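A look at the structure
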Amino acid sequence: MNNKSTEQKNNNRHKRFETTLLATQVLILASAFNAYFFGHRITDESQIFSMLGIRIDILLLAISALVVVPLVRILSKSNLDKATLYYFCLLSLITAMMAFVEGGLYSVPIMCFPIIAIFSALHTNSKVFFSICAFFCSVVVLMAINHESGWYQGTVSTGAMRMFDLLILVLISAYIAWIVNADSKRLMANLKQDHLQALESKKVIQHLADTDPLTGLANRTFAKKQFEAMQDDMDASKEEIGLYFVDLDNFKNINDIFDHQIGDELLKNIAKRLSRLIDTKSLVCRLGGDEFLLFIKVRKPFNYEMLAKEILISLSEPHIIFGTQAEVTASIGITVIEDKLISFDNARKQADMAMYKSKQAGKNDFYYYSKDLHRDYMRNLNILNCLKDALSQNLFDLHYQPKIEIETNQVIGAEALLRWTRDNPDNLSPGEFIPVVESTELIHTIGAWVIEEACLTCQKWHLEGHEISIAVNVSALQLARAGFYEMVVEALKVSGLKAHYLEIELTEHFLVQENQIIQSQLKSLKKLGVTLAIDDFGTGYSNMGYLTHMNIDTLKLDRSFISGIDKAPTALAIVKVINEMAVVLGIQVVAEGVEEEEERLLLKEMGCSIGQGYLWSKPLPSKSLIEYLENQKPIIVNIKSHDSSRLEKTLQHW
Ligand code: C2E
Ligand code: CA
Ligand code: CA
């Protein structure tokens with residue numbers, strides 16, 4: 001574009017120079033004729049301007065017109081700047097000569113001096129311009145001296161010659177004025193075009209700066225401007241702004257399972273669906289990744305729930321992309337802004353917090369921002385900061401809770417449980433800080449440390465003669481990240497622990513997720529010999545196909561079924577059925593949270609082989625567990641000391 005316009009400009013300059021040369025040629029020839037026909041009366045024949053009967057001024061004019069000008073034209077084809085320089089030199093010399101010859105200070109051609117000076121100022125550089133001015137000044141001084149000394153008389157101008165000279169002068173001035181005018185017009189036109197182009201480019205740049213390139217939706221920058229504009233002309237007594245923070249739930253899976261192209265198309269689809277749900281006065285923007293922000297200015301009171309439900313329904317409808325069916329759900333956070341002073345970033349953060357809450361509560365739902373939510377969020381943020389320090393200062397420990405063979409009361413394994421024992425600012429329990437860890441990337445670092453530490457400790461027990469297994473809790477986030485399997489292999493290698501002594505405990509709702517990475521890492525772990533347990537069994541999903549599909553080794557019955565089982569017939573029925581099913585499937589059942597002897601006896605009667613709970617031991621530091629292992633004695637059960645008749649009744653009932 002730029003090269004083209006430079007080329008065009010050069011062409012124009014060239015053409016104009018050619019025209020100027022042609023005009024000059026004609027004018028010089030006209031001057032020659034003028035001098036020849038009307039300025040022939042020479043007062044002194046011996047003067048230098050008349051040699052061998054030939055008028056030298058006329059000869060020079062003829063040579064200039066017929067030889068020098070064509071030569072300058074040829075030169076202009078290869079070097080326009082040089083040709084322009086020569087042209088001005090020629091013009092100055094000819095004019096000076098003609099002025100000299102035709103009466104010096106009183107000649108007509110002397111009037112061409114300022115015109116040529118102006119012309120050169122417009123078309124050459126300052127050096128040439130000043131040289132020409134100096135030259136003309138010198139000529140004028142010379143002519144004045146000549147005038148005083150009477151050294152050279154020059155031709156005697158006739159009236160006709162003066163007339164022709166004046167005509168030539170008028171033509172030259174007119175031509176130069178015309179060129180200057182044409183140049184300035186072209187310049188103005190160019191400036192106007194450049195200005196229009198600059199405006200157009202500014203518009204394009206502005207559009208790019210305000211738009212998300214993938215979806216064509218407004219981006220965060222534009223959203224901020226729009227929000228502030230909405231806020232400015234909001235009538236706070238009657239109106240308010242509703243912000244919906246929409247975050248896709250399983251978008252990462254889509255990108256992992258399919259490829260990024262499908263992910264991109266899906267985001268475009270989502271953008272279209274969201275845009276369809278709002279009117280022209282509202283705005284949808286993409287904040288980045290799979291996060292969208294919708295805001296609407298509404299009259300109070302407004303039914304925010306209805307729009308939230310519409311969004312959830314619209315987004316969850318299957319998307320057909322390049323013949324592939326993809327499904328996503330979304331979590332939404334809503335905040336209502338009535339205050340004209342709240343900043344866009346704070347409003348967005350409020351909606352973000354509410355969205356986060358909706359994720360935590362199980363996704364595919366919406367939540368409103370509230371002061372309580374804010375307090376929880378800030379608390380979690382505080383915990384997270386303390387956790388980061390704790391991690392960098394190695395303030396975590398593992399405690400081990402024995403798993404007991406109910407029949408013999410022998411320890412067959414232990415579950416590693418994370419503890420933050422040292423410098424724990426608010427004495428946070430695992431139940432409080434682990435969900436915070438699990439909601440961030442920290443889970444990967446802490447989770448890896450747990451596995452390494454648990455393997456090392458278990459191998460140490462083996463070396464001390466206690467060949468028991470170790471179970472570790474693993475979150476879905478850890479398993480969903482590629483490289484988890486390799487990390488386990490490395491932990492086993494470094495510790496020297498045999499794979500079949502390691503058990504991984506997972507909560508069941510992660511297994512029903514169709515996540516390829518989770519599934520394939522679990523299969524690889526199984527192949528390696530690591531065993532798999534379903535933690536908190538019974539609290540989650542009822543789809544149990546995965547038990548056989550994933551070749552699960554252990555079911556850990558949730559404490560809620562076990563606690564008070566002897567007094568709760570429904571729980572007892574569930575535990576009995578689960579036990580029977582497990583026997584058929586060849587799966588081991590561990591009853592969690594056994595606290596009472598009656599519970600243990602009932603479990604034993606139902607054929608539940610393993611138990612874990614405060615009845616035997618709380619989670620202990622490794623050293624104390626070794627002592628426990630060394631001192632373990634079968635529990636002497638004194639059924640009589642418990643309410644045996646009630647127990648018998650319960651069993652009879654089943
Ligand atoms: P969980 O895997 O179900 O672990 C069992 C929890 O029940 C432990 O709580 C344990 O101390 C407690 N418990 C055991 N027996 C009894 C009993 O008889 N009565 C009562 N009332 N409680 C009993 P803890 O250590 O507070 O752990 C809470 C949860 O934190 C764990 O539940 C587990 O989901 C998670 N967790 C603990 N350590 C880790 C870890 O290293 N990684 C991950 N991802 N999660 C962990
Ligand atoms: Ca567990
Ligand atoms: Ca559990």
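Our subject is the structure that appears above.
Predicted, not measured: the structure shown is a model, and the values here were computed from it.

Definitions and cut-offs
- Residues numbered from 1 in each chain as written.
- Chains lettered and ligands numbered in written order.
- Predicted model: local features only at pLDDT ≥ 70, side-chain atom pairs only at ≥ 80, totals over all residues.
- Heavy atoms only, no water.
- Helix = DSSP H or I, 4+ residues; strand = E, 2+ residues; numbered from the N terminus.
- Rg over C-alpha atoms; globule rule 2.2 N^0.38 Å.
- Buried < 20%, exposed > 50% of the residue type's maximum accessible area, 1.4 Å probe, protein only.
- Contact = heavy atoms within 4.5 Å.
- Areas by Shrake-Rupley, 256 points an atom, 1.4 Å probe, with all protein chains shown as cover.
- Lys, Arg positive; Asp, Glu negative; His and termini not counted.
- Charge placed at Lys NZ, Arg CZ, Asp CG, Glu CD.
- Donors = N, O, S within 2.8 Å, 3.2 Å for Na, K, Ca; no water.
- Near = heavy atom within 4 Å.
- Polar contact = N/O pair within 3.5 Å; in protein donor to acceptor, adjacent residues only side chain to side chain.
- Nonpolar A, V, L, I, M, F, W, Y, C, P; charged D, E, K, R; others polar.
- Phe/Tyr/Trp six-rings, centres within 6.5 Å; stacked < 30°, edge-to-face > 60°.
- Lys NZ or Arg CZ within 6 Å of the ring centre and 35° of its normal.
- Salt bridge = Lys/Arg side-chain N within 4 Å of Asp/Glu carboxyl O.

Some points on the overall build of the chain
Helix and strand counts for the chain come out as 24 helices and 17 strands. Relative to its length of 654 residues, the chain is extended, with a C-alpha radius of gyration of 48 Å against a globular reference of 26 Å. With the C-alpha coordinates of the chain rotated into their principal frame, the extents come out at 160 × 65 × 50 Å. Relative to its full complement of 654 residues, the chain shows a buried share of 45%. Restricting the contact set of the chain to residue pairs at least 6 apart, pairs at least 24 apart contribute 71%. Carbon together with sulfur atoms contributes 58% to the accessible area of the chain, which is approximately 34,100 Å² in total. In the chain, the 64 positive side-chain charges and the 77 negative ones have mean positions that sit 8 Å from each other.

Some points on the coordination of the calcium ion (ligand 3)
The calcium ion (ligand 3) binds to the protein through Asp535 (OD), Asp536 (OD), Glu592 (OE) and Glu592 (OE); the donor distances cover 2.2 to 2.4 Å. Every donor residue of the calcium ion (ligand 3) comes from the same chain, spaced as D-D-x55-E. The distance between the calcium ion (ligand 3) and the calcium ion (ligand 2) comes to 4.0 Å, with aspartate 535 serving as a donor to both metals. Of this pair, aspartate 535 sits in strand 14 (residues 531-537) while glutamate 592 sits in strand 16 (residues 588-592), placing them 57 residues apart in sequence. Both residues of the pair, aspartate 535 and glutamate 592, belong to the buried class.

Notes on the site of ligand 1
The immediate surroundings of ligand 1 are formed by 20 residues, with Arg419, Asp535, Arg559, Glu595 and Tyr614 found nearest. In the environment of ligand 1, an oxygen atom lies 3.2 Å from a nitrogen or oxygen atom belonging to the side chain of aspartate 536. At 2.5 Å, a side-chain N or O of glutamate 595 approaches a nitrogen atom of ligand 1. Taken by itself ligand 1 offers 800 Å² of open surface, and the protein chains cover 82% of this. Per-element tally for the shell around ligand 1: the top contributor is strand 11 (residues 410-419), with four residues. Residues that form the shell around ligand 1 fall into these classes: eight nonpolar, four polar and eight charged.

Digging into the packing of aromatic side chains
Under the definition given, this model contains 18 aromatic pairs. Measuring from centroid to centroid gives 5.4 Å for tyrosine 87 and phenylalanine 88, while their planes differ by 80°, and the two rings are edge-to-face. Every member of this aromatic cluster is reached through a ring pair, and the members are Phe17, Tyr87, Phe88 and Phe119. Across the ring face of tyrosine 614, the terminal group of lysine 618 is positioned such that the distance to the ring centre comes to 4.7 Å.

Digging into the coordination of the calcium ion (ligand 2)
Note on the calcium ion (ligand 2): its protein donors are Glu415 (OE), Asn473 (OD1), Glu505 (OE), Asp535 (OD) and Asp535 (OD). The metal-donor distances range over 2.2 to 3.2 Å. For glutamate 415, a relative accessible area of 3% corresponds to the buried category.

Thoughts on the pattern of salt bridges
Under the criterion given, the structure shown has 24 salt bridges. The partner of aspartate 345 in a salt bridge is arginine 348, with the nearest N and O atoms 3.9 Å apart. Of this pair, aspartate 345 and arginine 348 both sit in helix 11 (residues 344-360), three residues apart, which is roughly one turn of the helix. Given the relative accessible area of 33%, aspartate 345 is considered partly exposed. The exposure class of arginine 348 is buried, given its relative accessible area of 12%.

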